[in-house]
Amino acid sequence: MAFANGGIPAWKKVLSPITATFDPSSPPRRIPVATPDGNRFQRVNQGRVRATGLELVAAATIGSLVLGGSGTLQRARGRDALNAATELEYEPTVYGGLWAEAPSPLRTRLGLDLRGTGRQRYIDIDSGAFSSLSRTMQLGLRLSRAFEFGATGPWQRLDVTIAVENLADRPIFDQAGLPQPGRTLRLQARLWQAGPRRSSG
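Right, let's walk through the structure included here.

What counts as what
- Residues numbered from 1 in each chain as written.
- Predicted model: local features only at pLDDT ≥ 70, side-chain atom pairs only at ≥ 80, totals over all residues.
- Heavy atoms only, no water.
- Pairing = 2+ DSSP bridges.
- Helix = DSSP H or I, 4+ residues; strand = E, 2+ residues; numbered from the N terminus.
- Phe/Tyr/Trp six-rings, centres within 6.5 Å; stacked < 30°, edge-to-face > 60°.
- Buried < 20%, exposed > 50% of the residue type's maximum accessible area, 1.4 Å probe, protein only.
- Salt bridge = Lys/Arg side-chain N within 4 Å of Asp/Glu carboxyl O.
- Patch = residues over 30% accessible without salt bridge, like charges linked within 9 Å, V, L, I, M, F, W, Y side chains within 5 Å.
- Areas by Shrake-Rupley, 256 points an atom, 1.4 Å probe, with all protein chains shown as cover.
- Polar contact = N/O pair within 3.5 Å; in protein donor to acceptor, adjacent residues only side chain to side chain.
- Contact = heavy atoms within 4.5 Å.

### A closer look at the pairing of strand β11 (residues 120-123)
Direction of pairing for β11 relative to strand β12 (residues 130-133): antiparallel, over a ladder of four bridges. The partner of Tyr 122 across the bridge, within β12, is Ser 131. Joining the antiparallel neighbours β11 and β12 is a turn of six residues, in which Gly 128 adopts a positive phi near 75 degrees.

Written out as structure tokens, the structure is:
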């Protein structure tokens, strides 16, 4: 097993700083506007959006067990055309996920995925004020197997995966009023073409 430092698994890590500034050409922000038919959204240009933070991606192998994860910690700040501070929609402070994969019977591999997103702010169309989307967690389960075709023929391998996403059937929102599907069964097949072969002799 690949261990280092007295029994601690040897992790491969990539830590990247995030620094981005978007000037008035950045995507416009929404503001509520009252109309006789109720509130509507109007898009107006922003003066500037600046985001700073850190992104971490890591993976480790412990025998036949493979572990990995990624996470982002960020702070995004907005300014309007008069350089006044503005609150931003759908900019969570933290988001990321963890995953693990291990051998299972019949030459398959079993995987678990856990993804989460921190609290997000958005403008409520009815009140015209900012409100919050709660933190979310989503668990997924997958079972995969590779079928090797050998050295002859045009195809090298077939990968088949059966996955259940949002296993707990929790309400997950990309944006307010736009929920993701609940518990979902996914079947995926990937067929790999054999590469060019060298002639013998």
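Picking up after the structure, the text goes on.
### Focus: the packing of aromatic side chains
Applying the stated rule across the entire model yields one aromatic pair. Measuring from ring centre to ring centre gives 6.4 Å for Tyr 90 and Tyr 122, while their planes differ by 15 degrees; the resulting arrangement is stacked. Here the residue Tyr 90 occupies a position in the loop between β8 (85-86) and β9 (94-104), and Tyr 122 occupies one in strand β11, the gap between them amounting to 32 residues. Exposure remark for Tyr 90: the relative accessible area of 17% places this residue in the buried category.

### As for the pattern of salt bridges
Here the structure, examined in full by the defined rule, presents six salt bridges. The residue Arg 109 makes a salt bridge to Glu 101 at a minimum N-O spacing of 2.8 Å. Arg 109 gets classed as partly exposed once you look at its relative accessible area, which sits at 25%. Residue Arg 142 is joined to Glu 101 by a salt bridge in which the shortest nitrogen-to-oxygen separation is 3.2 Å.

### What about a nonpolar patch on the surface?
Residues Leu 98, Leu 110, Leu 112, Leu 114, Met 137, Leu 139, Leu 141, Leu 143 and Leu 167 make up a contiguous nonpolar surface patch of roughly 720 Å² in combined accessible area. Of all the elements in the fold, those that place two or more residues in the nonpolar patch are β10 (108-117) and β13 (136-148). Broken down by element, the residue count for the nonpolar patch peaks at four residues, all from β13. Among the secondary structure elements, Leu 112 is positioned in strand β10. The class for Leu 112 is partly exposed, based on a relative accessible area of 43%.

### A word on the side chain of Glu 101
Tracing the backbone through its elements, the reader meets Glu 101 in strand β9. Among the polar contacts made by the side chain of Glu 101, one reaches the side chain of Arg 109 at a distance of 2.8 Å. Among residues more than four places away in sequence, those in contact with Glu 101 are Ser 64, Leu 65, Val 66, Arg 109, Leu 110, Gly 111 and Arg 142.

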